[in-house]
Amino acid sequence: GLADTSALAAVVLLQRGILGDDNAFRYGVLDTLTLFLVTAADRLPFHAAAIRRGSNALLLTGRSGSGKSTLAYAALRAGLFVMSDDAVYVQLDPVVRIWSMRSRLHIPATAAAHFPEIAYANLVEMTNGKTKHVVQANVIHQSTLPFVERAGICILSRSDTVRPPEPISPDDAVREIEASLDPGFDRFRSTVGDAMRHIAAVGAWRLHVSGTPSSMLPQIDHLLSELERTAS
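Here's a quick rundown of the structure. No experiment lies behind these values; they were computed from the predicted model shown.

The rules behind these values
- Residues numbered from 1 in each chain as written.
- Predicted model: local features only at pLDDT ≥ 70, side-chain atom pairs only at ≥ 80, totals over all residues.
- Heavy atoms only, no water.
- Core = buried A, V, L, I, M, F, W, Y, C linked by side-chain atoms within 4.5 Å.
- Buried < 20%, exposed > 50% of the residue type's maximum accessible area, 1.4 Å probe, protein only.
- Helix = DSSP H or I, 4+ residues; strand = E, 2+ residues; numbered from the N terminus.
- Contact = heavy atoms within 4.5 Å.
- Pairing = 2+ DSSP bridges.
- Axes fitted to C-alpha atoms, helices over the stretch in contact; angles between N-to-C directions.
- Arc of directions from axis to C-beta.
- Expected span 1.5 Å × (residues − 1).
- Patch = residues over 30% accessible without salt bridge, like charges linked within 9 Å, V, L, I, M, F, W, Y side chains within 5 Å.
- Areas by Shrake-Rupley, 256 points an atom, 1.4 Å probe, with all protein chains shown as cover.
- Salt bridge = Lys/Arg side-chain N within 4 Å of Asp/Glu carboxyl O.

**Thoughts on the nonpolar core**
Moving on, step 1. Counting residues in hydrophobic clusters, the biggest one holds 30 residues, and the most contacted among them are L58, L60, Y73, L207 and I220.
Moving on, step 2. Those elements that provide at least two residues to this core are β3 (44-53), β4 (56-61), α2 (68-77), β8 (104-108), β12 (151-158), β14 (204-209) and α5 (217-231).
Moving on, step 3. No other element matches α2, which puts six residues into this core.
Moving on, step 4. In this view, Y73 contacts L105, I107, F115, E117, I118 and V135; residues no more than four positions away in its chain are not counted.

Set out below in structure tokens:
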């Protein structure tokens, strides 16, 4: 495959069998090439899950394994709208928008210990070699825009004890995010700061992840309420 960001065009040669494999073709080929191109057109990829309520979203970020996808699935089970479990795309011009295109969540196989039902979900090997269960996300209705213009951010941190969300300054949030970008997302180290500063200015917290994923939902609900309160 070849993608040319200057021409915003891509071409790929495929083995015929890949066309019959939806996961390999759509997520392994089409998404990869398309998203590579749109990142050159003011759609900055950011490694985060996104949980939406109304016109606000809460971005959950942290290194791989910090619990983004598992918390996103817990939120989905609780009836919240999950925009993404792994990546969003941030537009700055002419207005700030946080976009998502995922219709599926990719949940670590280990999460079946908390959610036995996902043990029956489709198990696939991702392009990074990790094995995950594929779960259908919320159905997106035509009236539901695939973006929000207002979001806050949570940096996930594992903890052995239950602790409330810790407010942090936008500058501290940006510094921590820039210092802990996973491979692939670190290609955008020089530009991610501006995008994250806009989002962190709305609200930024450190979320101490402990207990079961479902036990974290009251804290997520509280932070979504905070975003709604500050928007009014």
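Next comes the rest of the write-up.
**Considering the sheet that holds strand β9 (residues 122-125)**
Moving on, step 1. Taken together, three strands build an open sheet; the order of strands is β8-β10-β9 and the sheet is antiparallel. Edge positions in the sheet fall to β8 and β9, since each has one partner strand and no second. Strand-to-strand twist in this sheet, taken as the mean axis angle between neighbours without regard to direction, amounts to 40 degrees.
Moving on, step 2. Judged from the five bridges that link them, β8 and strand β10 (residues 131-136) form a sheet pairing that is antiparallel.

**Comments concerning unusual backbone geometry**
Moving on, step 1. The linkage connecting D93 with the following residue, P94, adopts the cis geometry, with an omega of 5 degrees.
Moving on, step 2. Unusually for a residue other than glycine, L8 sits at a positive phi of about 50 degrees.
Moving on, step 3. Along the chain, L8 falls in the loop between β1 (2-4) and β2 (9-11).
Moving on, step 4. What makes L8 partly exposed here is its relative accessible area of 49%.

**Here's the deal with helix α3 (residues 170-179)**
Turn by turn, an α-helix covers 3.6 residues, leaving residues three or four places apart pointing in a common direction.
Moving on, step 1. When we look at burial in α3, the residues that qualify are A173, V174 and I177. Seen along its axis, α3 keeps its buried residues to an arc of 95 degrees; they face one direction. Set apart from the buried face of α3 by more than 90 degrees, the exposed residues are R175 and A179.
Moving on, step 2. Against β3, β4, β12, α4 (189-200) and β14 lie the buried residues of α3.

**Section: α5**
Moving on, step 1. Counted at 1.5 Å a residue, the expected span for α5 with its 15 residues is 21 Å, and the 21 Å between its end C-alpha atoms agrees.
Moving on, step 2. Regarding α5, the residues found buried are L217, Q219, I220, L223, L224 and L227. With its buried residues spanning 165 degrees around the axis, α5 presents them on a single face. Turned more than 90 degrees off the buried face of α5, the exposed positions are P218 and R229.
Moving on, step 3. Summarising the contacts, the buried residues of α5 are in contact with β3, β4, α2, β12 and β14.

**Brief notes about the environment of I18**
Moving on, step 1. In this fold, I18 is placed in the loop between β2 and α1 (22-38).
Moving on, step 2. Here I18 falls in the partly exposed class, since its relative accessible area comes to 24%.
Moving on, step 3. Separated by 161 residues in the primary sequence, I18 and A179 have C-alpha atoms spaced 37 Å apart.

**Description of a nonpolar patch on the surface**
Moving on, step 1. On the surface, a cluster of nonpolar side chains totalling about 220 Å² of accessible area is made up of V12, L14 and L19.
Moving on, step 2. Secondary-structure assignment places V12 in the loop between β2 and α1.

**Details of the pattern of salt bridges**
Moving on, step 1. Here the structure, examined in full by the defined rule, presents 11 salt bridges.
Moving on, step 2. Between D182 and R63 there is a salt bridge, with its nearest N and O atoms 3.8 Å apart. On the criterion of sequence distance, the pair formed by D182 in the loop between α3 and α4 and R63 in the loop between β4 and α2 is long-range, its members being 119 residues apart.
Moving on, step 3. Take R63: its relative accessible area is 44%, and that puts it in the partly exposed class.
Moving on, step 4. A salt bridge links R206 to E166, with the nearest nitrogen and oxygen atoms 3.6 Å apart. On the criterion of sequence distance, the pair formed by R206 in strand β14 and E166 in strand β13 (residues 166-167) is long-range, its members being 40 residues apart.
Moving on, step 5. With relative accessibility at 16%, the residue R206 sits in the buried group.

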